[in-house]
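For reference, the chains in residue letters:
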Amino acid sequence: MRQPRRRDERGSATTMAMPFLGILVLVTVLMAFQGGVVVAQRRVQAAADLAALAGAAAAQRGDDACAAAATVAARNAARLSTCSVEGPTALEVLVAVSRDGPRLFGRSVVVHASARGGPVPP
């Protein structure tokens, strides 16, 4: 008597592992993208803080506060979105700064930050 043929199951683990491997790669890419967004946000916040402080220092000297803030923001690879000089003594500088973040699937994320600089009220 002849024994029935057994089906060859070699490679079946590969077909099960490939979708999981694809999901693992996708999660890794998304986590790296999220990390890049966090780094970009920290950098744009630092640029906003420095621009506000430079603007406040320029305002105390009597110079153009927004021009100084724009220069410092540009040196930190950011764009000055808005700038205003306020306060009772017109020495408080409010700035908003933006910067391009990482790219994912051909689309770039723009991160924003704002800061206030000036003398501490008594």
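Refer to the structure presented above.
What comes next is a walk through the structure. Just so we're clear, the structure is a prediction, and the values are computed from it rather than from any experiment.

Considering the pattern of salt bridges
It is possible for side chains bearing opposite charge to pair when their charged atoms get close. Across all of its chains, the model carries three salt bridges by this definition. Among the salt bridges present, the one from Arg116 reaches Glu92, with a minimum N-O distance of 2.7 Å. Taken as a pair, Arg116 in strand E3 (residues 107–117) and Glu92 in strand E2 (residues 92–104) lie far apart in primary sequence, 24 residues in all. Accessibility expressed as a relative area gives 53% for Arg116, which makes it exposed. By relative accessible area, which is 22% here, Glu92 ends up partly exposed.

Re helix H1 (residues 12–61)
Over its 50 residues, H1 runs 75 Å from end to end, which matches the ideal 74 Å to within 8%, given 1.5 Å per residue. A positive phi of about 95 degrees marks Gly62, the residue just after H1.

Notes on the side chain of Ser98
Positionally, Ser98 belongs in strand E2. Residue Ser98 is classed as buried on the basis of its relative accessible area, which comes to 6%. Ignoring any residue separated from it by four or fewer positions in sequence, one finds Ser98 in contact with Val44, Ala78, Arg79, Ser81, Val110, Val111 and His112.

Quick look at the sheet that holds strand E1 (residues 79–86)
Ordered in space as E1-E2-E3, the three strands form an open sheet in which the pairing is antiparallel. This sheet does not close on itself; its edge strands, each paired only once, are E1 and E3. The sheet shows a mean angle of 15 degrees between the axes of neighbouring strands, direction not considered. As paired elements, E2 and E3 share 10 bridges and run antiparallel to each other. Residue Val97 lies in a different strand from E3, and its bridge partner there is Ala113. Across the sheet, H1 lies against E2 and E3, angled at about 160 degrees from E2, the strand it touches most.

Conventions used here
- Residues numbered from 1 in each chain as written.
- Predicted model: local features only at pLDDT ≥ 70, side-chain atom pairs only at ≥ 80, totals over all residues.
- Heavy atoms only, no water.
- Salt bridge = Lys/Arg side-chain N within 4 Å of Asp/Glu carboxyl O.
- Helix = DSSP H or I, 4+ residues; strand = E, 2+ residues; numbered from the N terminus.
- Buried < 20%, exposed > 50% of the residue type's maximum accessible area, 1.4 Å probe, protein only.
- Expected span 1.5 Å × (residues − 1).
- Contact = heavy atoms within 4.5 Å.
- Pairing = 2+ DSSP bridges.
- Axes fitted to C-alpha atoms, helices over the stretch in contact; angles between N-to-C directions.

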